Amino acid sequence: MIEAIVRMILGIDISKLSMDVTLWQGEQRFYARFPNNAPGVKQLLAWLASHEVVALHVCMEATNVYWEKVAEALVAADYKVSVVNPRRIKGFAMSQMQRNKTDKLDSQVIAAYCAALNPEGWEPPSAVQEQLRALERHRLDLKRSLKQHKNRQADVRNKDVRASLQRVIDALETELKQVEKQVDELTSRQQEFREQKELLTSITGIGPKSANLLLAEMPNLGQYQSARSAAADAGVTPAHHQSGTSVKHKTKISKIGKSVVRSELFMPALNAMRTNPVLRTFAQRLRAKGCPELVIVCAVIRKLIHLCYGVLKHKKPFDPTYGLASSPA
């Protein structure tokens with residue numbers, strides 16, 4: 001009976017409209033497909049109940065936002081849920097010599113990955129964390145849309161089109177300011193956010209908007225196993241490619257992680273290289289070694305995340321004197 005419980009695995013391949021699921025119960029395999037909506041989630045839970053599932057480890061890919069409601073419902077049903085980077089599943093499929101690709105096969109591969117590697121469980125964000133993330137992502141969407149319309153207006157010569165674009169730009173700017181105000185009010189109203197934001201903004205180079213982004217996208221930043229694992233989640237750790245004596249490619253950043261954190265910390269990193277004594281010294285040391293400027297900026301982003309992790313973990317404001325004394329190359 002214990003063995004059967006241990007081997008209860010559910011792999012879910014999720015898309016915008018549907019979810020394909022493969023259930024492992026000991027040596028038995030069961031497959032089904034459900035719509036990816038509220039009724040479909042209820043059908044999935046009823047299907048699991050019909051198989052008398054008691055203890056279950058569910059695994060799914062972090063595909064866009066399509067997985068979130070399903071994962072939340074399964075956690076609420078007291079199942080262990082793991083949400084993994086799609087590249088991990090792809091790599092596992094390649095290791096298993098998986099040549100074909102269908103939604104059904106993908107759910108089987110995800111179940112096999114879960115059984116083989118037992119990934120860690122996922123914890124859903126609190127209601128206030130979810131609200132902050134939704135507002136912050138909306139802010140970034142408005143910011144990108146505003147930039148696109150301004151770029152288009154700069155290239156348009158027709159006065160009527162320019163006037164129309166200006167009206168859209170004005171509306172976007174008004175809405176952006178409103179959303180930014182909502183984000184600031186939320187992070188000021190909640191004590192946990194307020195305290196973390198004060199710690200993050202004590203780091204020269206991390207302003208209120210960057211702090212809001214980190215609170216939204218990396219809400220448990222101070223609870224990672226290490227500063228390196230936090231940087232890895234943002235995809236800014238070095239990726240080495242070397243084999244024998246003949247194959248040695250240039251080291252790049254992994255880019256396997258939260259791209260929005262990498263992109264939005266680019267400008268803060270440039271600012272920190274000028275104004276933060278720790279990161280200015282760090283950047284100068286890399287330049288002396290002949291590192292290209294883009295490599296230096298990426299390294300500074302990684303260093304910024306390390307500093308953010310440190311102030312949140314130890315609950316102490318940034319101390320540039322300590323950083324200068326202990327910052328490695």
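Above this text is the structure in question.
Notes on the structure follow. Just so we're clear, the structure is a prediction, and the values are computed from it rather than from any experiment.

Cut-offs and rules
Residues numbered from 1 in each chain as written. Predicted model: local features only at pLDDT ≥ 70, side-chain atom pairs only at ≥ 80, totals over all residues. Heavy atoms only, no water. Axes fitted to C-alpha atoms, helices over the stretch in contact; angles between N-to-C directions. Helix = DSSP H or I, 4+ residues; strand = E, 2+ residues; numbered from the N terminus. Parallel < 35°, antiparallel > 145°, perpendicular 65-115°, else oblique. Contact = heavy atoms within 4.5 Å. Nonpolar A, V, L, I, M, F, W, Y, C, P; charged D, E, K, R; others polar. Buried < 20%, exposed > 50% of the residue type's maximum accessible area, 1.4 Å probe, protein only. Pairing = 2+ DSSP bridges. Arc of directions from axis to C-beta. Polar contact = N/O pair within 3.5 Å; in protein donor to acceptor, adjacent residues only side chain to side chain. Core = buried A, V, L, I, M, F, W, Y, C linked by side-chain atoms within 4.5 Å. Phe/Tyr/Trp six-rings, centres within 6.5 Å; stacked < 30°, edge-to-face > 60°.

## Notes on the packing of helix α12 (residues 266-275) against helix α14 (residues 293-314)
It is the contact of α12 with α14, at a shortest axis distance of 9 Å, that shows an interaxial angle of 95 degrees. Between α12 and α14, the angle is such that the two are roughly perpendicular. Across the interface between the two elements, Phe266, Pro268, Ala269, Leu270, Ala272 and Met273 of α12 pack against Glu293, Leu294, Ile296, Val297, Val300, Ile301 and Leu304 of α14. Of the residues in the contact of α12 with α14, the class split is 12 nonpolar, no polar and one charged.

## Some thoughts on unusual backbone geometry
Despite not being glycine, Glu52 shows a phi value in the positive range, around 55 degrees. Position of Glu52 relative to the elements: it lies in the loop between α2 (38-50) and β4 (57-61). Since its relative accessible area comes to 64%, Glu52 is described here as exposed. Look at Lys315: it is not a glycine, yet its phi comes out positive at around 55 degrees. Following the sequence through the fold, Lys315 ends up in the loop between α14 and α15 (320-326).

## Topic: the sheet that holds strand β1 (residues 9-14)
As a general point, the strands of a sheet are linked pairwise by backbone hydrogen bonds and lie either parallel or antiparallel. Taken together, five strands build an open sheet; the order of strands is β3-β2-β1-β4-β5 and the sheet is mixed. Looking at strand neighbours, the two that pair on one side only are β3 (28-35) and β5 (80-84), the edges of this open sheet. For this sheet, the mean angle separating the axes of adjacent strands, direction not counted, is 20 degrees. Where strand β2 (residues 18-25) and β3 come together, eight bridges link them in antiparallel fashion. Paired with Leu23 across the strands is Phe30, a residue of β3. Against the sheet, α2 touches β1, β2 and β3, its axis set at about 160 degrees to β3. Packing against the sheet, helix α5 (residues 103-117) makes contact with β1, β2, β3, β4 and β5, and its axis sits at approximately 45 degrees to β2.

## Some points on helix α4 (residues 86-95)
Residues of α4 that are buried include every one of Ile89, Phe92 and Ala93, and no others. An end-on view of α4 places all buried positions within 100 degrees of arc, on one side of the element. Turned more than 90 degrees from where α4 packs its buried face, Arg87, Lys90 and Met94 sit exposed. Against the buried residues of α4 lie β4, β5 and α5. The backbone nitrogen of Arg87 lies 2.8 Å from a side-chain oxygen of the residue at the head of α4, namely Asn85. Once α4 ends, the next one or two residues include Met97, with phi positive near 60 degrees.

## Details of the nonpolar core
In a soluble, globular protein the nonpolar side chains are often hidden away together inside. If you look at the biggest cluster of nonpolar residues, it comprises 53 residues, and the most contacted ones within it are Leu200, Ile206, Leu221 and Ile305. For this core, the leading source of residues is α14, giving 12 residues. Ignoring any residue separated from it by four or fewer positions in sequence, one finds Leu221 in contact with Ala230, Ile305, Cys308, Tyr309 and Leu312.

## What about the packing of aromatic side chains?
One pass over the structure, following the stated rule, counts three aromatic pairs. Between Trp67 and Trp122 the ring centres are 5.3 Å apart and the planes differ by 80 degrees, which places this aromatic pair in the edge-to-face class. Here Trp67 is found in the loop between β4 and α3 (68-76), whereas its partner Trp122 is found in the loop between α5 and α6 (127-155), with 55 residues between them in sequence. Side by side, Trp67 and Trp122 carry an identical accessibility label, which is buried. Between Phe92 and Tyr113 the ring centres are 5.6 Å apart and the planes differ by 85 degrees, which places this aromatic pair in the edge-to-face class. Placement of the pair is Phe92 in helix α4 and Tyr113 in helix α5, with a sequence separation of 21 residues.

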